[in-house]
Amino acid sequence: DLGGDAATLGQHVAATIGSVGDRVYFGGNVSVVAVRTRDLTRALDVDVGDPVSAIAATPSGDRLFVALEGEDRLQIVDRFEEGVTGRIRLPGPARALRMDPLGRVLLARGAGDSVHVVSLATDAVIGTVQSAWRSDLPLVLPDGAIAVTRGDDVVVAHPETLADMRTVRGGARQFWYTMRWNGF
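Throughout what follows, the structure given in this document is the object of discussion. (Residues numbered from 1 in each chain as written. Predicted model: local features only at pLDDT ≥ 70, side-chain atom pairs only at ≥ 80, totals over all residues. Heavy atoms only, no water.)

A separate point is the environment of Val 105. Residue position: Val 105 is located in strand S10 (residues 105-109). For the pair Val 105 and Ala 121, spaced 16 residues apart in sequence, the C-alpha to C-alpha distance is 8.0 Å. Filtering out sequence-adjacent residues up to four positions away, Val 105 remains in contact with Arg 98, Met 99, Asp 100, Val 117, Val 118, Ser 119, Leu 120, Ile 126 and Val 140. (Helix = DSSP H or I, 4+ residues; strand = E, 2+ residues; numbered from the N terminus. Contact = heavy atoms within 4.5 Å.)

Below, the discussion takes up the nonpolar core. Formed by 15 residues in total, the largest nonpolar core has its most connected members in Phe 65, Leu 74, Ala 94, Leu 97 and Leu 106. Sorting the residues of this core by element identifies strand S5 (52-57), strand S6 (63-68), strand S7 (73-78), strand S9 (96-99) and S10 as the ones contributing at least two each. Beyond its immediate stretch of four places on either side in the chain, Phe 65 contacts Ala 54, Ile 55, Ala 56, Thr 58, Gln 75, Ile 76, Ile 88, Leu 97, Met 99, Leu 106, Leu 120 and Asp 123. In this structure, Val 46, Ile 55, Val 66 and Val 77 belong to the second largest nonpolar core, which totals 14 residues. (Core = buried A, V, L, I, M, F, W, Y, C linked by side-chain atoms within 4.5 Å. Buried < 20%, exposed > 50% of the residue type's maximum accessible area, 1.4 Å probe, protein only.)

One pass over the full model with this rule turns up zero aromatic pairs. When the ring centre of Trp 133 is taken as origin, the NZ or CZ atom of Arg 98, which lies over that ring, is 4.4 Å away. (Phe/Tyr/Trp six-rings, centres within 6.5 Å; stacked < 30°, edge-to-face > 60°. Lys NZ or Arg CZ within 6 Å of the ring centre and 35° of its normal.)

In this section: the sheet that holds strand S8 (residues 83-89). Backbone hydrogen bonds are what pair the strands of a sheet, in a parallel or an antiparallel way. Spatial ordering of the open sheet is given by S5-S6-S7-S8, a layout of four strands whose pairing is antiparallel. At either margin of the open sheet sits one strand with a lone partner, and together these are S5 and S8. Sheet twist, expressed as the mean angle between neighbouring strand axes with direction ignored, is 25 degrees. Looking at chain direction, S7 and S8 are connected through six bridges and run antiparallel. Bridge pairing in S8 links Ile 76 to Gly 86. (Pairing = 2+ DSSP bridges. Axes fitted to C-alpha atoms, helices over the stretch in contact; angles between N-to-C directions.)

Laid out in structure tokens, this is it:
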């Protein structure tokens, strides 16, 4: 039920907000639904065929990456075409998704401590890194490098080869967050 001061979407499994802030995306059962934040009207309703376990939107909110329960692939939903426009094969099912703030890569939490790194330029898996999945890490840094945990340390992996570039000793004991500083 949509409209008025509330929107009831029934059972939902995952939700994300595009950084534009004009829509909230929900995945429930086998559908991806977008609701406009201004008036809570439905903006999108796409059947993806299987139950949704996670959703991540590009920073513009134009494309959604949808993980399906038990599936080793992501569905790509285009909000303008209002449907599934592609698929990305993963090494295994994704339990959670995290978007790079600049929209270059998508991190997909796999089994155990595996994190699959997906290039959004090619819609293909670059490789897999090992990291605990926390609220802050793994994290794509402004230069594209990927910060991952390794015990009490944070290791910074190269954005293309995923090879270790540097280690921040004891860094995993801290909370990590990136922000754009303009000098003020």
